[in-house]
Amino acid sequence: MSQITPASTSRRIDVELGSRRYPVWIGPGLMSDTATWRETIRGRHVLVFSNRTIAPLYLPKIEAGLSGLSWDSYVMDDGEAYKTFANIEQALGALARMGATRDACVIALGGGVVGDMAGFTAACWMRGIDFIQMPTTLLAMVDSSVGGKTGVNLPAGKNLVGAFHQPRAVFADTDSLATLPAREYRAGLAEVVKGAAIGDPVFFSWLEDHAEALAARDPAPLIEAIARKVAYKAGVVARDETEQGERALLNLGHSFGHALETAGHYQTWLHGEAVAIGMVLAAQLSEQLGMADAADTGRLRRLLLQLGLPVAPGALAPAETLLQLMRLDKKNLAGKLRLILWDGIGRARLVPGVDEAAVLGVLQAAINAPV
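Residues numbered from 1 in each chain as written. Predicted model: local features only at pLDDT ≥ 70, side-chain atom pairs only at ≥ 80, totals over all residues. Heavy atoms only, no water.

Caption draft 1: Focus on the overall build of the protein chain. When helices and strands are tallied, the protein chain shows 14 helices and eleven strands. Its C-alpha atoms give the protein chain a radius of gyration of 20 Å, near enough to 21 Å, the size a compact globule of 371 residues would have. Oriented by its inertia axes, the alpha-carbon framework of the protein chain measures out at about 60 × 45 × 35 Å. Buried positions account for 58% of the 371 residues belonging to the protein chain. Considering only intrachain contacts with a sequence separation of at least 6, the fraction spanning at least 24 residues in the protein chain is 76%. Just so you have it, the protein chain exposes about 14500 Å², and 51% of that area is on carbon and sulfur atoms. Here the protein chain carries 35 positive and 38 negative side-chain charges, and the mean point of each set is 4 Å from the other. (Helix = DSSP H or I, 4+ residues; strand = E, 2+ residues; numbered from the N terminus. Rg over C-alpha atoms; globule rule 2.2 N^0.38 Å. Buried < 20%, exposed > 50% of the residue type's maximum accessible area, 1.4 Å probe, protein only. Contact = heavy atoms within 4.5 Å. Areas by Shrake-Rupley, 256 points an atom, 1.4 Å probe, with all protein chains shown as cover. Lys, Arg positive; Asp, Glu negative; His and termini not counted. Charge placed at Lys NZ, Arg CZ, Asp CG, Glu CD.)

Caption draft 2: Structural detail: the pattern of salt bridges. Summed over all chains, the structure comprises 23 salt bridges. Here D116 makes a salt bridge to K83, at a shortest N to O gap of 2.7 Å. One end of the pair, D116, is in helix α4 (residues 112-124); the other, K83, is in the loop between β4 (70-76) and α3 (85-97), and 33 residues separate them in sequence. The two residues D116 and K83 agree in class, both being buried. Taken together, the shared-partner salt bridges in this structure form one network comprising E80, K83, D116, K158 and E261. (Salt bridge = Lys/Arg side-chain N within 4 Å of Asp/Glu carboxyl O.)

Caption draft 3: Molecular detail of the confidence of the model for the protein chain. Per-residue pLDDT for the protein chain averages 94, and the proportion of residues at 70 or more is 97%. Between residues 1-8, whose pLDDT stays under 50, and residues either more than four places distant or in other chains, the model counts 16 contacts. (pLDDT = per-residue confidence, 0-100.)

Caption draft 4: Layout of α4. Helix length check: α4 (13 residues) gives 18 Å between terminal C-alpha atoms against 18 Å at 1.5 Å per residue, within 8%. In terms of burial, α4 is a largely internal element, twelve of the 13 residues being buried. For α4, the set of buried residues is G112, V113, V114, G115, D116, M117, A118, G119, F120, T121, A122 and A123. (Expected span 1.5 Å × (residues − 1).)

Caption draft 5: Region of the structure containing the side chain of D173. Secondary-structure assignment places D173 in strand β9 (residues 169-173). One buried charged side chain, D173, makes no salt bridge at all; its nearest oppositely charged neighbour is K61, positioned 5.0 Å away. Side-chain polar atoms of D173 contact the backbone nitrogen of D175, separated by 3.0 Å. The residues contacting D173, other than those within four sequence positions of it, are G27, P28, G29, L30, M31, S32, P135 and M141. (Polar contact = N/O pair within 3.5 Å; in protein donor to acceptor, adjacent residues only side chain to side chain.)

Caption draft 6: View of the sheet that holds strand β3 (residues 45-51). The seven strands are arranged β1-β2-β9-β6-β5-β3-β4 in an open sheet whose pairing can be described as mixed. Each of the sheet's edge strands pairs with one partner strand only, and the pair in question is β1 (11-15) and β4. Here the average twist between neighbouring strands, direction ignored, is 15°. Here four bridges tie strand β2 (residues 22-27) to β9, and the two strands are oriented parallel to one another. When the bridges of β9 are listed, W25 appears paired with F171. Helix-sheet contacts for helix α9 (residues 219-239) involve β1 and β2, and the interaxial angle to β1 is about 10°. (Pairing = 2+ DSSP bridges. Axes fitted to C-alpha atoms, helices over the stretch in contact; angles between N-to-C directions.)

Caption draft 7: Expanded view of empty space enclosed by the protein. A full pass over the atoms with the stated rule returns one cavity of 30 Å³ or more. Elements with a minimum of two residues in the lining of the largest cavity: β8 (157-164), α10 (254-263) and α13 (319-326). Top element by residues in the lining of the largest cavity is α10. It accounts for four residues. In terms of residue class, the lining of the largest cavity is built from six nonpolar, four polar and three charged. (1 Å grid on protein atoms, 1.4 Å probe; cavity = no way out; pocket = protein on both sides within 12 Å on 5 of 7 lines; lining within 4 Å. Points joined across faces, edges and corners; volume = space filled by probe spheres on them. Nonpolar A, V, L, I, M, F, W, Y, C, P; charged D, E, K, R; others polar.)

Caption draft 8: Focus on the packing of helix α6 (residues 182-199) against helix α7 (residues 201-209). At a minimum axis separation of 7 Å, α6 and α7 run at an interaxial angle of 140°. Here α6 lies oblique to α7, going by the angle between them. In this structure, α6 meets α7 at a crossing whose hand is left-handed. Together, V192, V193, A196, A197 and G199 of α6 and P201, F203, F204 and L207 of α7 make up the contact between the two elements. (Parallel < 35°, antiparallel > 145°, perpendicular 65-115°, else oblique. Left-handed = near helix turned anticlockwise from the far one by under 90°.)

The following block contains the structure:
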């Protein structure tokens, strides 16, 4: 079916943003390659931002590369529920205590929550300092570490506060995936599928062919899948950095997914799981609106199930509650829903003024479906 060049040991993909161009390195052993990542640090102050799960595992490797610098660490509790202003204030306080200057650097060591929080901290300190992404989850490697989106959650919804602040570099050490719990690994695969579903039908077919190997964490196809997804996202970010058009397509499934995460108080579904369900809901809504065939929805559901991902939300909350949460989505304009839907695999598009009754119907049917 699809033809993709086999992966080498490590890969480099550049996000082309002119003078702010930066590399994304993908492969094993990158945290231990201190000579490479240390040269991206321009000043003498460094704050390593991590969480209580990741810091004991990988902070010692980072410490080895910080010799001669003035550095400290801020370690937060682990989980989406801790993506709060209280933790941002604590991290900023750590920068203040070390006397961090404008050439300071924040290193994000962890998953998507850590990356978003560390990036937002860096964006806020003295109106913007450097930060480096060292993602340790598959989801962060293929999505949140690339593109410069940072954010903080509010009780009203996810990522309602944030800033665009690009990293100086990304080092995705695939060795860290060995310690990633199975559920979090599968959640990361949802973001890989999302990239293919949005704009790369050849890659989607490749994922179908390699689903078993990816589920088993086979290193070669895994590195290839990460690199392919990052390359796709890097191209989109280079063309539309601040999400004025094409970049919005990267949110396929997110309007539904963020509503599910918020309704579950970030305890029921992991982000990638919510996105997987959201993609299926978006595909089903596209069917209802006459935009896409049921066969494409079927292929999407089968692939997600092969990768061990959920495809229905269960009775998490009433459909009306989920719809109300979707009304807070950042893509909406003039009080009207704007959703990322598709015309089939690899053909996503932004649809304004979506009929709320149709959305409500899809949500209600999904709530009544088996999880």
